[in-house]
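Chains, contacts and geometry: an overview
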Amino acid sequence: MKKWIRTNRVVLLLTVLLLTVTVITAYIGLGKAPNTPQAPTPVASEEASLEGPRDAKELEDFADGIFADAMEKFNTVGSNFAVVSNGKVLLNKGYGYADKENKIPVDSSTVFQIGSVTKQFTALAAMQLVDRGKIDLHHDIQDYLGGMKIPNTTGKELTMYDLLTYTSGFDKPDILSESKPEYVDQYFPMKESLESNMPTVVRPPGEAYTYDNYGFTLAGYAVGEVTGMSFAQYMEEHIFKPLGMNSTNVRFTPELLDRMAAHYGPEGELISLEGFKPTDRPSGGMVSTADDMVKYLMMHLNKGTYAGKEILSSNSIEQMHTYQVFPDKEFPVTTIGFEGYFKEKMNGHHVVLKGGNVTGHSSLIVILPEENTAFYMSYNNDSMMSLDVYEAFMNHYYPKKAEDPQPSYSPISEQQAKDYVGLYQNTRLGSIRTQVSYSDEKLVMETGDLGKSTLKMIHPLLFEDESGNKVAFQKNEAGQITYFYYMQLPHYVGYAQKVDMAAPFTDVPSDSKYASYIHHLHALKVMDGKSATRFDPDGTITQGEFSELLLRAHGWHTMPYTVEPNKQQMMSGLPDYQPDSPVTRQMAAVMIQNLRQAEPGAKVTLRGETDAWAVEAITTLVSQGIMDPDTGIDSDGSINFRSKQLLKRQEASALLDLAFDYYTLPIHHEQKP
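What follows deals with the nonpolar core. Phe81, Phe121, Met160, Leu164, Leu218, Tyr296 and Tyr390 are the most contacted members of the largest nonpolar core, which has 115 residues in total. In contact with Phe81, not counting residues within four places along its chain, are Ala63, Phe67, Leu91, Asn92, Lys93, Tyr95, Phe375, Tyr376, Met377, Val389 and Phe393. Of all hydrophobic cores here, the second largest spans 51 residues; its members include Ile518, Met587, Val622 and Ile626.

Next up, the structure:
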């Protein structure tokens with residue numbers, strides 16, 4: 001089983017947003033498939049003088065070299081690449097194999113799953129209905145859902161605009177992300193999936209960006225309800241047919257499956273095609289070809305018109321190309337449907353893009369509206385290859401014209417810092433928590449795997465770390481600093497929201513060694529009290545209760561496709577799991593280590609009685625300082641973990657808090673009147 005937390009955590013965060021499951025560095029020889037790039041070809045043109053792709057031969061030479069390097073670096077079996085500029089298709093070429101085992105090369109008609117690139121097709125469909133007066137972007141979305149009700153605790157209406165700009169405020173934006181091989185030949189209605197996996201709007205819609213799969217599925221469902229047809233039927237009749245995209249669909253058809261590229265894993269191994277639940281997935285279910293996608297890109301560059309037919313009004317296309325959400329005025333995040341992550345790769349140009357992945361396939365489209373240029377690529381593994389290609393393309397054809405000016409910094413006073421200081425939790429991934437503190441006229445930010453950074457203030461609400469990454473804080477509707485957006489992985493998948501630290505429980509003294517752990521986990525909604533005011537620190541906990549707490553502390557429970565693998569991993573090596581029986585300290589340690597996968601530190605020797613199956617987990621956790629305050633390592637390196645004693649609730653809070661990187665800076669709790 002993978003060590004999800006330590007070795008692949010940042011990369012897995014990229015999976016849920018963009019393109020990748022694991023960063024791949026191994027290489028498998030691709031053989032001599034037609035158009036397989038063999039080595040970089042020197043490009044004679046001076047980059048600064050190119051001003052975009054103009055010459056087809058020069059572009060092909062450039063692409064051949066880039067794909068030779070990138071496919072080797074990322075162990076990619078096959079890919080396609082299409083570039084359109086100024087009304088012409090300058091390149092539409094396949095590289096490597098669509099099917100390595102049968103030596104079938106990729107070409108412009110090879111079918112790929114395009115994953116979340118689907119989202120801006122869904123946005124296009126919704127904007128068509130805006131053009132026709134069927135949908136008001138700023139009207140309550142519930143009026144377009146055929147009676148479906150969306151739980152909302154904010155008092156502010158959720159709108160189509162919020163859905164299409166990734167600002168819905170849903171607490172579980174990935175609750176509809178299930179895919180399995182057995183789903184390929186099954187049909188799951190969208191309505192049933194939406195209603196049985198309903199998140200709640202917990203942040204005022206429009207207030208904070210969070211990458212949102214559920215929101216786009218809901219938008220697609222609204223398209224169907226408003227038009228009286230299925231989402232699949234609407235897309236076919238109003239987008240694919242008018243554009244002549246005859247090899248594009250939101251479902252798998254036999255003919256498209258016959259031409260679909262095989263799917264490959266990190267080591268180049270063949271893996272299975274997966275189907276979706278629901279079957280129609282407006283957030284990421286489409287398949288297409290390079291031949292079809294160049295028509296789509298042409299339409300975008302021609303302001304909504306293709307082959308003399310208006311697909312979308314120029315005004316709506318402009319809204320899709322114009323950034324709507326900014327954590328700071330200098331940093332664009334989303335348009336209607338598109339995104340703008342990795343601003344540093346834009347080189348000062350106006351770029352909108354959308355990436356996507358499913359298991360074994362990845363895609364990216366990039367549009368430069370002002371340069372009348374766009375490209376599309378897909379390939380048959382999960383890797384970051386597309387970002388390397390994007391960066392190389394921009395540096396070659398649209399390099400920076402001038403370096404960004406060095407910002408000047410201002411000190412921040414301790415009084416000013418009080419508005420920023422606190423604990424923040426990522427709005428999409430509960431496993432990412434960040435503590436912001438104050439030191440020496442600067443803010444200090446610390447987050448799990450990223451460690452500690454010092455933030456210098458450029459101006460109020462905008463800071464910069466030692467590496468030049470910007471941190472933009474944002475106020476809520478009440479004018480309080482509530483969010484930040486960090487221009488560094490893994491934070492770009494959503495804003496981070498300040499956690500409201502709840503008042504202490506009456507049975508937890510303020511000077512208790514466990515107080516900070518208890519109140520911390522309660523504020524993060526990991527561990528509740530026995531009542532609103534009582535925590536019951538010395539009470540015991542069942543094995544079933546602890547397993548649920550552990551999954552919440554782990555932070556991935558909002559992603560349904562991770563729950564079952566995590567449960568299986570959590571139970572590995574336990575001799576006798578009985579959900580209704582009290583959990584012992586040694587059993588809790590094994591369950592934590594199964595998910596935490598801590599690396600052994602200093603050598604630790606256990607004293608007292610411990611079962612053999614628990615020794616390694618306990619000594620590893622203890623060697624990393626993951627132990628409750630009543631347990632200490634003696635001067636000779638030995639420790640009595642009290643392994644067979646029942647785990648108390650306060651001890652559980654400490655172990656869980658310490659195990660998942662929430663503890664690295666001190667947390668100060670103020671007594672509320």
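Overall, the coordinates contain 22 salt bridges when judged by the stated rule. Measuring nitrogen to oxygen at the nearest pair gives 2.7 Å for the salt bridge that ties Asp388 to Lys73. Placement of Asp388 in helix α11 (residues 385-397) and of Lys73 in helix α2 (residues 56-73) is noted, with a sequence separation of 315 residues between them. Residue Asp388 is classed as partly exposed on the basis of its relative accessible area, which comes to 26%. Linked through salt bridges whose partners overlap, the residues forming this network are Arg585, Asp628, Arg642 and Glu651.

Here we take up helix α14 (residues 543-554). Taking 1.5 Å per residue, twelve residues should reach 16 Å; α14 reaches 16 Å between its end C-alpha atoms and fits that length. Buried residues dominate α14, accounting for nine of its twelve residues. Taken together, the buried positions of α14 are Gln543, Gly544, Phe546, Ser547, Leu549, Leu550, Leu551, Ala553 and His554. The inward-facing, buried residues of α14 abut β16 (433-439), α15 (560-571), α16 (585-596) and α18 (649-659). Directly after α14, the chain includes Gly555, whose backbone phi takes a positive value near 95°.

As a further point, take the sheet that holds β16. Strands in a sheet are paired, the pairing made by backbone hydrogen bonds, and the direction either parallel or antiparallel. With antiparallel pairing, the eight strands of this closed barrel are ordered in space as β15-β16-β17-β18-β19-β20-β21-β22. Put simply, the sheet's adjacent strands are angled 30° from each other on average, direction ignored. Direction of pairing for strand β19 (residues 462-464) relative to strand β20 (residues 470-475): antiparallel, over a ladder of three bridges. Bridge assignment links Phe463 to a residue of β20, and that residue is Val471.

Mean pLDDT over the protein stands at 89; residues scoring 70 or higher make up 90%. Contacts of residues 1-32 to residues separated by more than four positions or lying in other chains number 116 contacts, the stretch itself having pLDDT below 50. Contacts from residues 663-673, a stretch scored under 50 in pLDDT, to residues over four places away or in other chains number 21 contacts.

Conventions used here
Residues numbered from 1 in each chain as written. Predicted model: local features only at pLDDT ≥ 70, side-chain atom pairs only at ≥ 80, totals over all residues. Heavy atoms only, no water. Core = buried A, V, L, I, M, F, W, Y, C linked by side-chain atoms within 4.5 Å. Buried < 20%, exposed > 50% of the residue type's maximum accessible area, 1.4 Å probe, protein only. Contact = heavy atoms within 4.5 Å. Salt bridge = Lys/Arg side-chain N within 4 Å of Asp/Glu carboxyl O. Helix = DSSP H or I, 4+ residues; strand = E, 2+ residues; numbered from the N terminus. Expected span 1.5 Å × (residues − 1). Pairing = 2+ DSSP bridges. Axes fitted to C-alpha atoms, helices over the stretch in contact; angles between N-to-C directions. pLDDT = per-residue confidence, 0-100.

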